[in-house]
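Notes for the structure review
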Amino acid sequence: MGDVMRVRSIAKYTALLSLALVIVFAAMSVIDATPALAHCDGLDGPVVGAARIALQTGDLNRVLIWVRPDDIDEIRRAFNEALATRKLGPQAQELADRYFFETLVRIHRAGEGAPYTGLKPAGRNLGPAIPAADKAVETGSLDELTNLLTAAVRQELHTHFHDVMAKKSFRTDDVAAGREFIESYVTFIHYVEGLYKAATQPVAGHYHEPATGHGGGHHL
């Protein structure tokens, strides 16, 4: 009888382990397939903002920092064409500005390895994090951003942890409850792992500078 019980126990936990692996790979596939929310393609984003000022002042340098060195010539041509067209009247100015915005954002996105899907309208809901990060850069203070991120992490961490603890003490003969625990456990572990990686690993830029260059890339 003892051997039979041990075999059943091994079979049960093998099934739970298999389910755990399925959940892990499914979670990884969802994470890999989820694109990062960007705001560089918005009409109120920083790239178009730099383009507006460049067209008003004639200073292209504030735009060139958003593209790779290899793309400078194309951006310069588009800029000069836009400046010339703007002189033809208000309607021509509007068209010229739109053309330059689209060209700049398209090339910037290509440098990120991201597709260009058109300019996005101003006022999109980007969630709280991106505006808070922009405000931190603008004001030079991390206080609000730190509070926002800390509160979000604390809330989610507690939620996942309490869910795991609530399902931890399942009966060994209740496979369904065991599977619920495994799903909750794997979710909790991956959430913690993701947080740690985000906090400790370098963030990849949207392009690599030459070996002799300075500074990092952007990924907006």
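Our structure is the block above this text.
Let us look at the structure shown here.

Rules used in this analysis
Residues numbered from 1 in each chain as written. Predicted model: local features only at pLDDT ≥ 70, side-chain atom pairs only at ≥ 80, totals over all residues. Heavy atoms only, no water. Phe/Tyr/Trp six-rings, centres within 6.5 Å; stacked < 30°, edge-to-face > 60°. Helix = DSSP H or I, 4+ residues; strand = E, 2+ residues; numbered from the N terminus. Salt bridge = Lys/Arg side-chain N within 4 Å of Asp/Glu carboxyl O. Buried < 20%, exposed > 50% of the residue type's maximum accessible area, 1.4 Å probe, protein only. Core = buried A, V, L, I, M, F, W, Y, C linked by side-chain atoms within 4.5 Å. Contact = heavy atoms within 4.5 Å. Expected span 1.5 Å × (residues − 1). Axes fitted to C-alpha atoms, helices over the stretch in contact; angles between N-to-C directions. Parallel < 35°, antiparallel > 145°, perpendicular 65-115°, else oblique. Left-handed = near helix turned anticlockwise from the far one by under 90°. Nonpolar A, V, L, I, M, F, W, Y, C, P; charged D, E, K, R; others polar. Polar contact = N/O pair within 3.5 Å; in protein donor to acceptor, adjacent residues only side chain to side chain.

This next bit is on the packing of aromatic side chains. Ring pairs (aromatic) are described by centroid distance and by the angle formed between their planes. A full pass over the atoms with the stated rule returns four aromatic pairs. Both rings, one in Phe170 and one in Phe181, keep their centres 5.6 Å apart while their planes meet at 35°; by these two values the pair is tilted. Remark: Phe181 occurs in helix α8 (residues 175–200) and Phe170 occurs in the loop between α7 (143–168) and α8; sequence separation between them is 11 residues. Taken together, the ring pairs connect Phe170, Phe181 and Tyr185 into an aromatic cluster.

Moving on to the pattern of salt bridges. Evaluated as defined, the whole model comprises 11 salt bridges. The shortest N-O distance in the salt bridge between Arg124 and Asp41 comes to 3.1 Å. One end of the pair, Arg124, is in the loop between α5 (90–112) and α6 (129–139); the other, Asp41, is in the loop between α1 (2–33) and α2 (46–57), and 83 residues separate them in sequence. Judged by relative accessible area, Arg124 falls into the partly exposed class, the value being 26%. Since its relative accessible area comes to 6%, Asp41 is described here as buried. Close ionic contact of Asp173 with Arg171 constitutes a salt bridge, the shortest N to O distance being 3.1 Å. According to the relative accessible area criterion, Asp173 is exposed, its value standing at 57%. Here the salt bridges do not stand alone but share partners, grouping Asp41, Lys120 and Arg124 into one network.

Further remarks concern the nonpolar core. Counting residues in each nonpolar core, the largest one holds 23 residues, and the members touching the most others are Leu60, Val63, Ile75, Phe100 and Leu104. When residues of this core are traced back to their parent elements, those giving at least two are α2, α3 (61–64), α4 (72–86) and α5. Beyond its immediate stretch of four places on either side in the chain, Val63 contacts Ala50, Ala51, Ala54, Ile75, Phe100 and Leu104. Counting seven residues, the second-largest nonpolar core is a separate cluster that includes Val164, Phe170, Phe181 and Phe188.

Over its 23 residues, α5 runs 33 Å from end to end, which matches the ideal 33 Å to within 8%, given 1.5 Å per residue. Gly113, located one to two residues past α5, shows a positive phi value of around 75°.

Time to look at the packing of α2 against α5. The N-to-C vectors of α2 and α5 enclose an angle of 135°; their axes lie 10 Å apart at closest approach. The orientation of α2 with respect to α5, classified from their angle, is oblique. Classified by chirality, the crossing of α5 by α2 is right-handed. Contact with α2, carried on its side by Val47, Val48, Ala51, Arg52 and Leu55, involves Asp97, Phe100, Phe101, Leu104, Val105 and His108 of α5 and no other residues of that element. Its residues assigned to classes, the contact of α2 with α5 shows eight nonpolar, one polar and two charged.

With that out of the way, let us pick up the side chain of Asp41. Polar contacts involving the side chain of Asp41 include one to the side chain of Arg124, which spans 3.1 Å. In contact with Asp41, not counting residues within four places along its chain, are Val105, Thr117, Gly118, Leu119, Lys120 and Arg124.

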